[in-house]
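Examining the three-dimensional arrangement
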Amino acid sequence: ETRRFNRISDLKALNPGFHMDGVQVSFNKVFYPGQHAWYGETGWAHYEDDNSQFFGYTHYQLPLVNAPQQGSWLAVKPNVYGEFSKDSKAAYFSPSSHVTLGLMGHGRQNWKQYSLEFEANPQLQITEQKVGFGMHALLDFNIYLTERPRAGVGAFSFYASNDAYLLWRFTGHVEFLF
């Protein structure tokens, strides 16, 4: 999942096998297929350095376009994310409080042999009472080589103005459906 990432600021400060354990629970209530939906997740993580984090995310999906015959789908997703860490660590993002309010646009377009997915989520971010701007964006393109295999490329970026953090990730994949 290209949208998942850890904000590591000093890789040298972490052990080579630095790890975390945790629990995550999620739900997705679809009111009508391709229509209104409510998604949420919450969880707890315990880090190797004895730090811990609680987090939660939710969005409500409001469809703007749902045209399966044309392969088009577009929705707006107002969203809220929060995380709370026991200790603030210099090596990775671990604020005592962080809340994000976003208004995501998310769309898909399918053609016979191709598909395109895009997402943009401008955000108001409040990190330990400091207010800033953030944004994540995603673009994913797939080509269906035959009926079963497909290949694709994608890009994901994230920006947070409070600490001038910028992340770019590019992916490629090949899938074979059984």
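Let us look at the structure shown here.

Reading guide: rules and limits
- Residues numbered from 1 in each chain as written.
- Predicted model: local features only at pLDDT ≥ 70, side-chain atom pairs only at ≥ 80, totals over all residues.
- Heavy atoms only, no water.
- Helix = DSSP H or I, 4+ residues; strand = E, 2+ residues; numbered from the N terminus.
- Buried < 20%, exposed > 50% of the residue type's maximum accessible area, 1.4 Å probe, protein only.
- Contact = heavy atoms within 4.5 Å.
- Areas by Shrake-Rupley, 256 points an atom, 1.4 Å probe, with all protein chains shown as cover.
- Lys, Arg positive; Asp, Glu negative; His and termini not counted.
- Charge placed at Lys NZ, Arg CZ, Asp CG, Glu CD.
- Pairing = 2+ DSSP bridges.
- Axes fitted to C-alpha atoms, helices over the stretch in contact; angles between N-to-C directions.
- Salt bridge = Lys/Arg side-chain N within 4 Å of Asp/Glu carboxyl O.

Once that is clear, we can look at the overall build of the chain. Each helix and strand in the chain was counted, giving zero helices and nine strands. Traced from its N-terminal end to its C-terminal end, the chain shows the element sequence β-β-β-β-β-β-β-β-β. In the chain, which comprises 178 residues, the share counted as buried stands at 36%. Long-range pairs, those at least 24 residues apart, make up 46% of the contacts in the chain between residues at least 6 apart in sequence. Of the roughly 10,900 Å² that the chain leaves accessible, carbon and sulfur atoms contribute 62%. Positive and negative charge centroids in the chain, built from 14 and 16 side chains respectively, lie 7 Å apart.

Let us now look at the environment of Phe-55. Turning to its location among the elements, Phe-55 is positioned in strand β3 (residues 52–67). Residue classification places Phe-55 among the buried residues on the basis of a relative accessible area of 13%. In this structure the C-alpha to C-alpha distance between Phe-55 and Glu-83, which are 28 residues apart in sequence, comes to 4.2 Å. Apart from residues no more than four positions distant in its own chain, Phe-55 is found in contact with Gln-24, Glu-41, Thr-42, Gly-43, Trp-44, Tyr-81, Gly-82 and Glu-83.

On to the sheet that holds strand β6 (residues 114–127), then. Strand order across the open sheet formed by nine strands is β1-β2-β3-β4-β5-β6-β7-β8-β9, with antiparallel pairing between neighbours. Each edge of the open sheet is held by one strand with a lone partner, namely β1 (20–30) and β9 (165–176). Here the average twist between neighbouring strands, direction ignored, is 15°. In terms of strand pairing, strand β2 (residues 37–47) meets β3 through 10 bridges, oriented antiparallel. By the bridge assignment, Ala-45 is partnered in β3 with Gln-53.

So, about the pattern of salt bridges. Applying the stated rule across the entire model yields six salt bridges. Asp-163 is paired through a salt bridge with Arg-7; the nearest N and O atoms lie 2.6 Å apart. With Asp-163 in the loop between β8 (149–160) and β9 and Arg-7 in the segment before β1, this residue pair connects regions lying 156 residues apart in the sequence. Residue class for Arg-7 comes out buried when judged on its relative accessible area of 9%. Of the charged contacts in the structure, one is a salt bridge between Asp-87 and Lys-86, with a shortest N-O distance of 4.0 Å. Judged by relative accessible area, Asp-87 falls into the partly exposed class, the value being 29%.

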